[in-house]
Amino acid sequence: MLTQETEVLTAEEMTWELMPNHIELYHREIVSAAQADKLGIRMSSILWEKLGVGGQVVPHYHDVVEIIHITVGEVKLLSGGEWSSYRAGDTFHVPAGVVHSVANAGDSPSEQISIFLPAEAQVAPNSFFGTTIIEDIYSSKLK
């Protein structure tokens, strides 16, 4: 059954959980596979991640595509066997099966949003989303 109402997950309801096998990596799952199923979308997970000072997502690879958007701080990315420096606002598109790692390169925690998507051989063409504007019947509640 598809969800018919907006679900809200407040930061207070989500706890930072230590991610095993990595160094000072904490996460909050902001979309789980079960929630994606309720929304009717193909998604493995979306994580809000925090790397402590000296923290590192150790080198690894997935059976899914990962999109990593740095939201806070400075990091180094291991890609193609080389480390390069990046900062908040930068985004990495990591194909399935590619070895990668992210390490905090600053003197305060870094944060990122990591989106995990199934990689499929036969994919329908994608397009930018459509939006329908609703008459101004709801804005009066903001006043």
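Scroll up a little and you will see the structure.
Residues numbered from 1 in each chain as written. Predicted model: local features only at pLDDT ≥ 70, side-chain atom pairs only at ≥ 80, totals over all residues. Heavy atoms only, no water.

J.: So what exactly am I meant to see when it comes to the pattern of salt bridges here?
T.: It is possible for side chains bearing opposite charge to pair when their charged atoms get close. Enumeration over the complete set of coordinates arrives at one salt bridge. With a closest N to O distance of 2.4 Å, Glu 120 and Arg 42 form a salt bridge. Of this pair, Glu 120 sits in the segment after β9 (110-118) while Arg 42 sits in the loop between α1 (33-39) and β3 (45-60); the two residues are 78 residues apart in sequence, bridging distant segments of the chain. We classify Arg 42 as exposed; its relative accessible area is 57%. (Salt bridge = Lys/Arg side-chain N within 4 Å of Asp/Glu carboxyl O. Helix = DSSP H or I, 4+ residues; strand = E, 2+ residues; numbered from the N terminus. Buried < 20%, exposed > 50% of the residue type's maximum accessible area, 1.4 Å probe, protein only.)

J.: What exactly am I supposed to notice about the packing of aromatic side chains here?
T.: Any pair of aromatic rings gets described here by the distance separating the centres and the angle formed by the planes. Under the definition given, this model contains three aromatic pairs. Both rings, one in Tyr 86 and one in Phe 92, keep their centres 5.1 Å apart while their planes meet at 70°; by these two values the pair is edge-to-face. A cation sits over an aromatic face here: Arg 28 above Trp 48, 4.8 Å from the ring centre. (Phe/Tyr/Trp six-rings, centres within 6.5 Å; stacked < 30°, edge-to-face > 60°. Lys NZ or Arg CZ within 6 Å of the ring centre and 35° of its normal.)

J.: Any chance you could explain the side chain of Asn 104 here in plain terms?
T.: Looking at the secondary structure, you find Asn 104 in strand β8 (residues 100-104). Of note is the side chain of Asn 104, whose polar atom sits 3.0 Å from the backbone oxygen of Leu 51. Separated by 3.3 Å, the side chain of Asn 104 and the backbone oxygen of Gly 52 make a polar contact. Setting aside chain neighbours within four positions, we find Asn 104 in contact with Leu 51, Gly 52, Val 53, Gly 54, Gly 55, Glu 74, Pro 109 and Ser 110. (Polar contact = N/O pair within 3.5 Å; in protein donor to acceptor, adjacent residues only side chain to side chain. Contact = heavy atoms within 4.5 Å.)

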